[in-house]
Amino acid sequence: SATIRFVSLLGYKTDDSLESKYRRLKNQNLVPTKRLPDALIIGVKKCGTRALLEFLRLHPDVRAAGSEVHFFDKFYHKGFEWYREKMPATIEGQITMEKTPSYWVTRSAPRRVYAMNPAVRLLAVVRDPVTRAISDYTQSASKRPSLPRFEDLALVNSTVGWGGTWSVVDASWPPVRLGVYARPLRRWLRRFPRSRLLLISGERLVADPAAEMARVQEFLGLKRLITDKHFYFNSTKGFPCLLKSEGKSTPHCLGKTKGRNHPYIDPVTIERLREYYRPFNERFYELSGINFGWP
């Protein structure tokens, strides 16, 4: 109450953003400094990593790199000072973050991240691997209209004894391969304890973003300031949008590249993929300690 009276006297409104405003006032003499990340969003591609980052940007104690830096997969040779320069300036008490989904599947990434900071906090978003594969394909098809049908890429025909053909899943196709989450998770857990890696449900991030963000804020040691008041559901796009954000005070969604309509996929193909992923999903549930309930 004393803080509220003090800040009110200085002309600040005592609304929901009071705490962040007071923090800025209190730290106005501190010099912002570029630091290596305290937390990383390491994946998974087409599972909601962009949404997670934009939701986190709502928090006054989070500052994130503006684009995917790809340090731990492509530019590690440039060194940690180069990486530090790519980070936003922060003051004491703020978290520096970076998002590059390809870290999830980069074999050398866990070792390299550990060399930077063994105590770094890792976040990974996962979703039903079948839906993820279709979303991955949809993004590629939007850039390459001549791309073959999803069914023709996800399945291959194999000749069998009686001269007929039957379709099997092409496990080497990247959109299919990326949905086998247990393999990368095992690599990350060889370097980092389970307590340092938070797995986020892409489905829940859409269905109940406030609840999933509550888990994220707790994991990062942040005060719970991102709540349901920040979101509204856009029925046209089919996912939550922001009532306001760090850069905009008006309602807006993440952009036209998010929430693309998926093409019609033959149900037989979908069922073949579900059968393929089922044992891998079970291993992932066991390894992670979470049953995500995918079909």
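Under an unreviewed UniProt entry, the name given to the protein is Heparan sulfate glucosamine 3-O-sulfotransferase 3A1, and the organism recorded is Papilio xuthus.

Draft legend 1. Local environment of the packing of aromatic side chains. The tally for this structure, following the rule as stated, stands at 25 aromatic pairs. Centroid distance F55 to F231: 4.8 Å. Interplanar angle 70°. Geometry classified as edge-to-face. Placement of the pair is F55 in helix α3 (residues 49–56) and F231 in strand β10 (residues 231–234), with a sequence separation of 176 residues. Comparing F55 with F231 shows no difference in burial state: the two are buried. Aromatic side chains Y276 and F280 sit 5.2 Å apart centroid to centroid with 55° between the ring planes, which places their arrangement in the tilted category. Of this pair, Y276 and F280 are both found in helix α12 (residues 267–288), four residues apart, which corresponds to roughly one turn of the helix. This pair shows no difference in class: Y276 is buried, exactly as F280 is. Following the ring pairs from residue to residue traces out a cluster consisting of F71, F72, F75, Y76, F80, W82, Y83 and Y103.

Draft legend 2. Main features of the UniProt feature "binding site: 3'-phosphoadenylyl sulfate" (unreviewed entry) in the protein. When the UniProt feature table is mapped to this numbering, "binding site: 3'-phosphoadenylyl sulfate" (unreviewed entry) covers K46, C47, G48, T49, R50, R127, S135, K258, G259, R260, N261 and H262. Mapping K46 onto the fold places it in the loop between β2 (39–43) and α3. Note on placement: R50 falls in helix α3.

Draft legend 3. Region of the structure containing a positive patch on the surface. On the surface, R107, R177, R183, R186, R190 and R283 cluster together into a positively charged patch. Per-element tally for the positive patch: the top contributor is helix α9 (residues 182–191), with three residues. With respect to the helices and strands, R283 occurs in helix α12.

Draft legend 4. Region of interest: the nonpolar core. Membership of the largest hydrophobic core comes to 58 residues, with the highest contact counts inside it found for L52, Y83, M97, L123, W188, L220 and F284. Once residues within four sequence positions are removed from consideration, L220 is found in contact with A39, L56, I95, M97, R121 and L123. By size, the runner-up hydrophobic cluster in this structure holds 17 residues, among which are A133, L147, A154 and V180.

Draft legend 5. Looking closely at the packing of α3 against helix α11 (residues 209–220). One can describe the packing of α3 onto α11 by two numbers: an axis separation of 11 Å at closest approach and a directional angle of 70°. As summarised for this structure, α3 and α11 are arranged roughly perpendicular, according to the angle between their axes. The segment α3 lies against α11, with L52, F55 and L56 engaging P209, M213, V216 and L220.

Draft legend 6. Region of interest: helix α5 (residues 109–116). Turning to α5, its buried residues are A109, P110, R112, V113 and M116. In an axial view of α5, the angular spread of the buried residues amounts to 165°, which keeps them on one side of the axis. Looking at the buried positions of α5, the neighbouring elements they touch are β2, α4 (80–85), β6 (121–126) and α9.

Draft legend 7. Quick peek at the confidence of the model for the protein. A residue-level look at the protein finds 83% of positions with pLDDT of 70 or above and a mean pLDDT of 88. Long-range and interchain partners of residues 1–16, a stretch whose pLDDT sits below 50, account for 16 contacts in this model, where long-range means more than four residues apart. The low-confidence segment residues 159–164 (pLDDT under 50) makes three contacts with residues lying over four places distant or belonging to another chain.

What counts as what
Residues numbered from 1 in each chain as written. Predicted model: local features only at pLDDT ≥ 70, side-chain atom pairs only at ≥ 80, totals over all residues. Heavy atoms only, no water. Phe/Tyr/Trp six-rings, centres within 6.5 Å; stacked < 30°, edge-to-face > 60°. Helix = DSSP H or I, 4+ residues; strand = E, 2+ residues; numbered from the N terminus. Buried < 20%, exposed > 50% of the residue type's maximum accessible area, 1.4 Å probe, protein only. UniProt positions renumbered as here; feature names shortened; annotations may be inferred. Patch = residues over 30% accessible without salt bridge, like charges linked within 9 Å, V, L, I, M, F, W, Y side chains within 5 Å. Areas by Shrake-Rupley, 256 points an atom, 1.4 Å probe, with all protein chains shown as cover. Salt bridge = Lys/Arg side-chain N within 4 Å of Asp/Glu carboxyl O. Lys, Arg positive; Asp, Glu negative; His and termini not counted. Charge placed at Lys NZ, Arg CZ, Asp CG, Glu CD. Core = buried A, V, L, I, M, F, W, Y, C linked by side-chain atoms within 4.5 Å. Contact = heavy atoms within 4.5 Å. Axes fitted to C-alpha atoms, helices over the stretch in contact; angles between N-to-C directions. Parallel < 35°, antiparallel > 145°, perpendicular 65-115°, else oblique. Arc of directions from axis to C-beta. pLDDT = per-residue confidence, 0-100.

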